[in-house]
Amino acid sequence: CRSRAELEHEALIDGNLATEANLIILDTLEIVVQTVSLTESKESILGGVLKTLLHSMACNQSALYLQHCFATQRALVSKFPELLFEEETEQCADLCLRLLRHCSSSIGTIRSHASASLYLLMRQNFEIGNNFARVKMQVTMSLSSLVGTSQNFNEEFLRRSLKTILTYAEEDLELRETTFPDQVQDLVFNLHMILSDTVKMKEHQEDPEMLIDLMYRIAKGYQTSPDLRLTWLQNMAGKHSERSNHAESAQCLVHSAALVAEYLSMLEDRKYLPVGCVTFQVTIRGQTMV
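Bear in mind the structure is a predicted one, so any value in this text is a computation, not a measurement.

Rules and cut-offs
Residues numbered from 1 in each chain as written. Predicted model: local features only at pLDDT ≥ 70, side-chain atom pairs only at ≥ 80, totals over all residues. Heavy atoms only, no water. Core = buried A, V, L, I, M, F, W, Y, C linked by side-chain atoms within 4.5 Å. Buried < 20%, exposed > 50% of the residue type's maximum accessible area, 1.4 Å probe, protein only. Helix = DSSP H or I, 4+ residues; strand = E, 2+ residues; numbered from the N terminus. Contact = heavy atoms within 4.5 Å. Axes fitted to C-alpha atoms, helices over the stretch in contact; angles between N-to-C directions. Parallel < 35°, antiparallel > 145°, perpendicular 65-115°, else oblique. Left-handed = near helix turned anticlockwise from the far one by under 90°. Nonpolar A, V, L, I, M, F, W, Y, C, P; charged D, E, K, R; others polar. Expected span 1.5 Å × (residues − 1). Phe/Tyr/Trp six-rings, centres within 6.5 Å; stacked < 30°, edge-to-face > 60°.

**Q** Whenever I open this one, the nonpolar core confuses me. Can you help?
**A** Nonpolar side chains tend toward joint burial in soluble globular proteins. Of all hydrophobic cores here, the largest spans 70 residues; its most connected members are Leu76, Leu118, Leu121, Met122, Val135, Leu143 and Phe180. Of all the elements, helix H9 (residues 180-203) adds the most residues to this core, at 8 residues. Not counting the four nearest positions on each side in its chain, phenylalanine 180 is found in contact with Tyr119, Met122, Arg123, Phe126, Phe132, Ala169 and Leu175.

Okay, here's the thing in structure tokens:
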């Protein structure tokens, strides 16, 4: 029986209350970081703080909260870079995925903050060893996963964010004489290529067979990059599962397992490990399938 104005007012109050509650939690996390930064057991506690930040980034949040959340995240990574690049390496992948998702936001302020966070992540990783290979790999894998699974992905807004990141690198006076700008340019070029593949995928969104065939060709094109190939094989398995093509989905997963086994056998020779992809060969009706 309430009017539209009353409903809108109630929704506004609920939104403000949710934002205020999240900001209080963020302030509490800041106090925790300041308190434990000098203690011996800070690694585990800071890891928990980072997990909380990543969880909040994955939820539907207001633009006001996200601006402060990104600022807290940047400060945390700046003060404790080893936390992300040496100890909580899995969370590095999660952070790259969250930032890329927000880089495709339709809200300009969110895009600008997410772009700044992603650029500083690259910069801090580079300052450790004159290379940001870890972040480069995680960003590329995250984008491949994002474009292969997300339905609310905006390609145009992400391209704008990538241009912003490239501008940051070109105008960074401290690192101008290093290889950092060229490495950022190469990464942005590769990300644009992945985005171009998504355009082709959108054209065949209503044709599942053509879509899967295109994903297979993209996966095959990453034969020199096992991590990316693995990501696209997993995307294919997900698409097959959505259509209840369980046998095809299983083949993608077996192919993924064979790929992992192949590289494990190259890295370390252990009797308990599979002897490469040959271990996964199965003969069905006279045909050898992997």
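From this point on, the discussion continues.
**Q** So what exactly am I meant to see when it comes to unusual backbone geometry here?
**A** Working note: non-glycine residues mostly have negative phi, and peptide bonds are mostly trans. Although it is not a glycine, serine 244 sits at a positive phi angle of roughly 60 degrees. Residue placement: serine 244 occurs in the loop between helix H11 (226-242) and helix H12 (246-267).

**Q** Explain the packing of helix H6 (residues 108-129) against helix H8 (residues 155-170) to me, please; I cannot follow it from the model alone.
**A** Working note: a packed helix pair is described by the angle between its axes plus the distance between those axes. Running from N to C, H6 and H8 point in directions that differ by 45 degrees, and their axes come no closer than 9 Å. Taken together, the axis directions place H6 and H8 in an arrangement best described as oblique. For the pair H6 and H8, the sense of crossing is right-handed. Residues Arg111, Ser112, Ser115, Ala116, Leu118, Tyr119 and Met122 of H6 touch H8, and the partners they reach there are Phe157, Arg160, Ser161, Thr164, Ile165, Tyr168 and Ala169. The residue makeup of the contact of H6 with H8, split by class, is 8 nonpolar, 4 polar and 2 charged.

**Q** Whenever I open this one, helix H3 (residues 63-79) confuses me. Can you help?
**A** Because each turn of an α-helix spans 3.6 residues, side chains separated by three or four positions end up pointing in the same direction. For H3, with 17 residues, the first-to-last C-alpha span of 25 Å sits near the 24 Å given by 1.5 Å per residue. Among the residues making up H3, those that are buried are Tyr65, Leu66, Cys69, Phe70, Thr72, Gln73, Arg74, Leu76 and Val77.

**Q** Please explain the packing of aromatic side chains as it appears in this structure.
**A** Each pair of aromatic rings is reported with the distance of its centres and the angle of its planes. Applying the stated criterion to the full structure yields 3 aromatic pairs. Seen in terms of ring centroids, phenylalanine 126 and phenylalanine 180 are 5.0 Å apart; in terms of plane orientation they differ by 50 degrees. Their pairing is tilted. Taken together, the residues span a long stretch of sequence, with phenylalanine 126 in helix H6 and phenylalanine 180 in helix H9 at a distance of 54 residues. Accessibility classification places phenylalanine 126 together with phenylalanine 180 in one group, the buried group. Three or more aromatic residues joined by ring pairs form one cluster here, namely Tyr119, Phe126, Tyr168 and Phe180.

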